[in-house]
Amino acid sequence: MYQKDEAPSFDNVPRHIAIIMDGNGRWASKRLLPRTMGHREGMKAIKRVVKACSEIKVKALTLYAFSTENWRRPKNEVNYLMDLLIEFLNRELQELHENNIKINVWGDYHSLPPKCVDEIERARHLTQHNEAMVFNLAINYGSRTEIVRGVKRWGQDVLDGRANIDDLDEHMFSSYLYTHDIPDPDLLIRTAGEFRLSNFLLWQVAYTELWITDVTWPEFTREHLFQAISDYSKRDRRFGGLNSPKREGKNVKSKNI
Ligand code: IPE
Ligand code: IPE
Ligand code: MG
């Protein structure tokens, strides 16, 4: 484990880290607290992780905050999550901006309550020219919806004469997704131990390295993040090819915590 407050230097920092922040409810239930308290505690983990990623110069961080399926939850929990989002942006915006972090939102945020839309637009507008790191929040995001949206936009471009069916390839299709201007995630972290993607970035994670921990999101610290990156940097990403020569015979295994 990495020591507290130590920001290690990695040879191989992932350019883009995506995180499925899960286990807020379980964190709270275990402590006999309402689930909403788990979400509140999870907000502190968001702050820790954004700060750590910015320190080690990750270029893009994407956090899955609310899925298209999360509307199935009780109304009071959904409302609480929306209020928390506003509170987070309100409280952290200035500091994120001072750290040259650009805030982006993936997902149909226009159908959120108007106060959320206003806060999101304020954050996007203020930070639009920042360059140190892109911080993407996936809110009311679902990967299948994203893909269908991309297909519709491409179809419209064909109808309007801006695109040709014969020119469509993987690269061009990617340009119709939220990730159009950043690389696919190098590392996907999921907390709270589930081995599934829950409709997150299905197209983009084709060759992403996965790192799953039983630690719940409110408990997730910068040390866990650094462990994930350290494990990631030992993996051999073959992309369907063969081992890179320097790794031949090494068979480096990742450790999970
Ligand atoms: C993740 O924690 C936060 C959101 C999905 C918004 P959960 O609320 O899913 O926590 P568990 O999985 O019920 O423990
Ligand atoms: C995934 O967590 C969505 C977010 C982290 C926002 P869920 O808790 O909704 O996932 P499932 O229902 O366990 O697959
Ligand atoms: Mg969950």
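Quick note: structure is the one above.
Here's what I pulled together on the structure shown here. (Residues numbered from 1 in each chain as written. Chains lettered and ligands numbered in written order. Predicted model: local features only at pLDDT ≥ 70, side-chain atom pairs only at ≥ 80, totals over all residues. Heavy atoms only, no water.)

## Focus: the environment of Glu 170
When you line up the elements, Glu 170 lands in helix α6 (residues 170–174). Residue classification places Glu 170 among the exposed positions, given a relative accessible area of 62%. Linking Glu 170 and Leu 187, residues 17 residues apart in sequence, is a C-alpha distance of 21 Å. (Helix = DSSP H or I, 4+ residues; strand = E, 2+ residues; numbered from the N terminus. Buried < 20%, exposed > 50% of the residue type's maximum accessible area, 1.4 Å probe, protein only.)

## A word on unusual backbone geometry
For Leu 32, which is not glycine, the phi dihedral falls at a positive 55 degrees. Within the element layout of this structure, Leu 32 appears in the loop between α1 (24–30) and α2 (35–55). Notably, Leu 201 is not glycine yet its phi reads approximately 50 degrees, a positive angle. On the secondary structure map, Leu 201 appears in the loop between β5 (187–190) and β6 (209–212). Its relative accessible area of 0% is what places Leu 201 among the buried residues.

## Things to note about a negative patch on the surface
Together, Asp 166, Asp 167, Asp 169 and Glu 170 line one region of the surface with negative charge. Mapped onto the elements, Asp 167 comes out in the loop between α5 (143–159) and α6. (Patch = residues over 30% accessible without salt bridge, like charges linked within 9 Å, V, L, I, M, F, W, Y side chains within 5 Å. Areas by Shrake-Rupley, 256 points an atom, 1.4 Å probe, with all protein chains shown as cover. Salt bridge = Lys/Arg side-chain N within 4 Å of Asp/Glu carboxyl O. Lys, Arg positive; Asp, Glu negative; His and termini not counted. Charge placed at Lys NZ, Arg CZ, Asp CG, Glu CD.)

## Re the site of ligand 1
Not every one of the 13 residues close to ligand 1 is listed here, only the nearest: Asp 22, Gly 25, Arg 26, Arg 35 and Arg 73. One of the backbone N or O atoms of Gly 23 is found 3.4 Å from an oxygen atom in ligand 1. Separating an oxygen atom of ligand 1 from a side-chain N or O atom of Arg 73 is a distance of 2.7 Å. Considering ligand 1 on its own, with 370 Å² of exposed area, one finds that the protein chains cover 87% of that surface. Among the elements of the structure, α1, α2 and α3 (75–98) are those that each provide at least two residues to the shell around ligand 1. Top element by residues in the shell around ligand 1 is α1. It accounts for 3 residues. Per-class residue counts for the shell around ligand 1 are 3 nonpolar, 5 polar and 5 charged. (Near = heavy atom within 4 Å. Polar contact = N/O pair within 3.5 Å; in protein donor to acceptor, adjacent residues only side chain to side chain. Nonpolar A, V, L, I, M, F, W, Y, C, P; charged D, E, K, R; others polar.)

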